[in-house]
Amino acid sequence: MGKPTVVVEADAEAVARAAAERLIARMTGRDRAAVCLTGGSGPQRLYRLLASEPYRGRVPWPRVHWFMGDERIVPEDDPRSNMGTARRLFLDACAAPGTVHAVPTDAADPDAAARRYQAALERFHGARRLEPGMPLFDFVLMGLGLDGHTASLFPGSPALDETTRWVVGVPQAGQEPFVPRVTLTLPALASTREMLFLVSDAAKRGILARVLAGEDLPAARAHADGDLVWLVTRDAHHA
Ligand code: 6PG
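Residues numbered from 1 in each chain as written. Predicted model: local features only at pLDDT ≥ 70, side-chain atom pairs only at ≥ 80, totals over all residues. Heavy atoms only, no water.

Side note on the overall build of the protein
Consideration 1: The helix and strand inventory of the protein stands at seven helices and nine strands.
Consideration 2: The C-alpha atoms of the protein give 16 Å as radius of gyration, which agrees with the globular expectation for 239 residues (18 Å, within 12%).
Consideration 3: Principal axes of the C-alpha set define a box for the protein whose edges measure 45 × 40 × 35 Å.
Consideration 4: Counting all 239 residues of the protein, 53% fall into the buried class.
Consideration 5: Counting only contacts in the protein whose residues sit at least 6 apart along the sequence, the fraction spanning at least 24 positions is 76%. (Helix = DSSP H or I, 4+ residues; strand = E, 2+ residues; numbered from the N terminus. Rg over C-alpha atoms; globule rule 2.2 N^0.38 Å. Buried < 20%, exposed > 50% of the residue type's maximum accessible area, 1.4 Å probe, protein only. Contact = heavy atoms within 4.5 Å.)

Below you can see the structure in the form of C-alpha cells.
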C-alpha cells in the first residue's frame with residue numbers, strides 16, 4: 001500500500017476547485033466513468049461547483065455514472081440523505097438519465113439494502129470479483145469524521161475487517177445522524193483509479209494529523225489500488 005499524497009490548498013474554495021479538476025481529469029478519455037460520491041458537508045462546495053460553469057460544461061455527463069459510498073436509511077427527500085443532497089446540489093440539474101445509482105433505502109433493513117446495492121454494483125461492473133487491473137470506480141470521494149471514520153466505517157466496527165462483501169449494513173451509526181446506514185467496504189472503495197479525501201475544516205486538524213501519522217483509525221485504513229490523495233486546507237493541516 002503506497003503512501004498517500006497530501007496536497008495543501010489555501011482554503012475550502014481552492015480545495016473544491018482542485019477536486020473538480022481532479023475529477024474531470026479522471027473522466028477524460030473514458031468511454032464510461034464511475035464516480036463514488038460521499039456524504040457530509042465537506043463535498044458540498046464541490047457539488048455546487050460541478051453544477052456551475054466552467055466545470056459543468058467540462059464534465060462528460062452522458063458517460064459518467066454516480067454512486068454513493070455510504071448512505072443513511074432515510075427517504076431521498078430527507079435532508080439527511082446523502083444521494084438526496086447530491087441530487088439537489090448537482091445531479092438533478094446535470095446528470096444524464098439512468099446514471100444516478102442510489103442505495104435502495106426502501107429495502108426491509110440495512111443488510112437487505114446493502115445486498116441490493118452490491119448486486120447493482122456487480123451488474124454495472126460486469127464482474128463479481130474485484131481485480132486490481134479492473135477497478136470498479138474511476139474516482140472515489142471520501143470525507144473524514146472527527147472520530148476518524150470515513151464513509152460509514154466507524155472506529156471499532158466489524159465492517160472495517162470485511163474482505164469479501166462490497167457493501168454492508170451498519171445498524172448503528174457511530175456519529176450523528178444516528179440512523180441505520182449502508183456503507184461500501186474498504187476493498188470496494190479501494191477498487192478505484194483515484195481515491196480523494198477532502199478535508200477543509202480547521203476543526204479536523206487534530207484528527208487529520210493522527211490519520212496521516214498512521215494511527216489505526218478507519219480513514220487511515222482506507223487505501224486505493226490507484227492513487228490515494230488527501231486534499232486539505234492549510235488550516236486543517238498540521239505542518
Ligand atoms: C456520512 C459521510 C461521512 C462524512 C464524514 C465527514 O454519510 O456521514 O459519508 O463519512 O464524510 O462524517 O462529514 P463532514 O464533511 O460533514 O464533516
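Having seen it, we continue.
Re the side chain of H237
Consideration 1: Within the element layout of this structure, H237 appears in the segment after strand 9 (227-233).
Consideration 2: Given the relative accessible area of 13%, H237 is considered buried.

Looking at the sheet that holds strand 2 (residues 33-37)
Consideration 1: Taking strand neighbours across the sheet as the criterion, the six strands line up as 1-9-8-5-2-3 in an open arrangement whose pairing is parallel. With one partner strand each, in any of the chains shown, strand 1 (5-9) and strand 3 (64-68) form the two edges of the open sheet. Strand-to-strand twist of the sheet, defined as the mean angle between neighbouring strand axes without regard to direction, takes the value 20°.
Consideration 2: Pairing between strand 5 (residues 139-142) and strand 8 (residues 194-199): three bridges, direction parallel. (Pairing = 2+ DSSP bridges. Axes fitted to C-alpha atoms, helices over the stretch in contact; angles between N-to-C directions.)

Considering the pattern of salt bridges
Consideration 1: Counted under the stated rule, the structure contains 19 salt bridges.
Consideration 2: A salt bridge links E194 to R22; the shortest N-O distance between them is 2.7 Å. Residue E194 is located in strand 8, and its partner R22 is located in helix 1 (residues 12-27); the two are separated by 172 residues in the primary sequence.
Consideration 3: Sharing partners across several salt bridges, the network here consists of R22, R26, E194 and D227. (Salt bridge = Lys/Arg side-chain N within 4 Å of Asp/Glu carboxyl O.)

Some thoughts on the environment of L130
Consideration 1: Along the chain, the position of L130 falls in the loop between helix 4 (110-125) and strand 5.
Consideration 2: In this structure the C-alpha to C-alpha distance between L130 and A190, which are 60 residues apart in sequence, comes to 9.6 Å.
Consideration 3: Excluding anything up to four places from it in sequence, L130 contacts H125, L136, W166, P187, A188 and S191.

Considering the site of the ligand
Consideration 1: Inspection of the region around the ligand gives 15 residues, with S41, D70, H149, A151 and K204 positioned closest.
Consideration 2: Side-chain polar atom of R72 to an oxygen atom of the ligand: 2.8 Å apart, as the coordinates give it.
Consideration 3: Calculation on the ligand without its partners gives an accessible area of 410 Å², and the protein chains cover 89% of this total.
Consideration 4: In terms of residue class, the shell around the ligand is built from two nonpolar, nine polar and four charged. (Near = heavy atom within 4 Å. Polar contact = N/O pair within 3.5 Å; in protein donor to acceptor, adjacent residues only side chain to side chain. Areas by Shrake-Rupley, 256 points an atom, 1.4 Å probe, with all protein chains shown as cover. Nonpolar A, V, L, I, M, F, W, Y, C, P; charged D, E, K, R; others polar.)

Side note on the side chain of K204
Consideration 1: Positionally, K204 belongs in the loop between strand 8 and helix 6 (205-212).
Consideration 2: Among buried Asp, Glu, Lys and Arg side chains, K204 stands out as unpaired, with D201 the closest opposite charge at 4.4 Å.
Consideration 3: Those residues in contact with K204 that lie beyond four places of it in its chain are L144, G145, L146, V199 and A236. (Lys, Arg positive; Asp, Glu negative; His and termini not counted.)

What about helix 4?
Turn by turn, an α-helix covers 3.6 residues, leaving residues three or four places apart pointing in a common direction.
Consideration 1: Taking 1.5 Å as the rise per residue, helix 4 with 16 residues should run 22 Å; its terminal C-alpha atoms sit 22 Å apart, in good agreement.
Consideration 2: Every buried residue of helix 4 is accounted for by P110, A112, A113, A114, Y117, Q118, L121, E122, F124 and H125.
Consideration 3: Along its buried surface, helix 4 packs onto strand 2, strand 3, strand 6 (167-170) and strand 7 (181-184).
Consideration 4: Residue D109 occupies the N-cap position of helix 4, its side-chain oxygen lying 3.0 Å from the main-chain nitrogen of D111.
Consideration 5: Residue G126 follows helix 4 closely and has a positive phi angle near 75°. (Expected span 1.5 Å × (residues − 1).)

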